[in-house]
Amino acid sequence: ASALQAVEQLCQQIQHCLILCIGMPASGKSTFSRMLNESLHADIVSRDTLGTMKKCQAAVANCFWKGKSIGRSVAVVDNTNPDRESRKRFIDIAKDHEAKCVAVVFQGNVSVCKHMNASRCKAVRRAHLTCTNTQG
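The following refers to the structure shown.

The rules we used
Residues numbered from 1 in each chain as written. Predicted model: local features only at pLDDT ≥ 70, side-chain atom pairs only at ≥ 80, totals over all residues. Heavy atoms only, no water. Core = buried A, V, L, I, M, F, W, Y, C linked by side-chain atoms within 4.5 Å. Buried < 20%, exposed > 50% of the residue type's maximum accessible area, 1.4 Å probe, protein only. Contact = heavy atoms within 4.5 Å. Salt bridge = Lys/Arg side-chain N within 4 Å of Asp/Glu carboxyl O. Helix = DSSP H or I, 4+ residues; strand = E, 2+ residues; numbered from the N terminus. Pairing = 2+ DSSP bridges. Axes fitted to C-alpha atoms, helices over the stretch in contact; angles between N-to-C directions. Phe/Tyr/Trp six-rings, centres within 6.5 Å; stacked < 30°, edge-to-face > 60°.

## Considering the nonpolar core
The biggest cluster of nonpolar side chains holds 16 residues, and the ones touching the most others in it are Val-7, Ile-19, Phe-32 and Leu-36. Setting aside residues no more than four positions away along its own chain, Leu-36 makes contact with Leu-4, Val-7, Glu-8, Ile-19, His-41, Ala-42 and Val-76. Ranked by size, the runner-up nonpolar core spans 15 residues in total, among them Leu-20, Cys-56, Ala-61 and Phe-90.

## Observations concerning the pattern of salt bridges
Within this structure, the stated rule accounts for three salt bridges. A salt bridge links Glu-85 to Arg-89; the shortest N-O distance between them is 3.2 Å. Here Glu-85 and its partner Arg-89 are both found in helix H5 (residues 84-96), four residues apart, which amounts to about one turn of the helix. Note that Lys-88 and Asp-92 form a salt bridge whose closest N and O atoms lie 2.7 Å from each other. Of this pair, Lys-88 and Asp-92 both sit in helix H5, four residues apart, roughly one helical turn. Taking relative accessible area as the criterion, Lys-88 reaches 48% and is therefore assigned partly exposed. Look at Asp-92 and you get partly exposed, because its relative accessible area is 28%.

## A closer look at the sheet that holds strand S4 (residues 100-106)
If you walk across this open sheet you meet the four strands as S2-S3-S1-S4, and the pairing is parallel. The sheet is open, and its two borders are formed by strand S2 (43-45) and S4, each paired with just one other strand. For this sheet, the mean angle separating the axes of adjacent strands, direction not counted, is 20°. With seven bridges connecting them, strand S1 (residues 16-23) and S4 associate as parallel partners. The residue bridging Cys-17 from the neighbouring strand is Lys-100, located in S4. Across the sheet, helix H2 (residues 29-40) touches S1, S2, strand S3 (73-77) and S4, and the angle it forms with S1 is around 160°.

## What about the pairing of S1?
Summarising burial for S1: eight of the eight residues are buried, a large majority. Of the two faces of S1, both are covered, the one formed by His-16, Leu-18, Leu-20 and Ile-22 as well as the one formed by Cys-17, Ile-19, Cys-21 and Gly-23. Of the pairings in the sheet, the one linking S1 to S3 comprises five bridges and is parallel in character. Its bridge partner being in S3, Cys-17 is matched across the sheet by Val-74.

## Some points on the pairing of S3
The element S3 is largely enclosed, with a buried count of five among its five residues. Across the two faces of S3 the burial is the same, with Ser-73, Ala-75 and Val-77 and Val-74 and Val-76 all buried. Across three bridges, S2 lies against S3 in parallel orientation. Across the sheet, residue Val-45 finds its bridge partner in S3, namely Val-77.

## Examining the packing of aromatic side chains
Within the structure shown, the criterion is met by one aromatic pair. Pairing Phe-32 with Phe-106 gives two aromatic rings, centres 5.3 Å apart and planes at 80°, and the pair type is edge-to-face. One end of the pair, Phe-32, is in helix H2; the other, Phe-106, is in strand S4, and 74 residues separate them in sequence. Judged on exposure class, the residue Phe-32 and its partner Phe-106 are both buried.

If you want it as structure tokens, here you go:
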């Protein structure tokens, strides 16, 4: 079974589930998250869209509060989550809501991820927005 199928099957057996995506920019986290949104109706929480870590934490907590009333919730944190401290913030929220946690580590090729991120940054710049390039 693929990683996506394994996570889907696991989350279907859990009433409240937090999925933490861990990996470099452009390693496939957002694509994976969108697939989980389609198959599990998961809430996607991303600092790219919400702007701050505090808003991401509030969104995860809100997902679980909402899930209490309907009996099921799946939150996918689509951030790099590179260190224990950043992951712990979300794990603590999940524990507070008696949700199970699943970590999915994306092990992309560094050169490919840098190339994909640089391409993404160029596309964003063309749209007159700013983008942080991680090619350093």
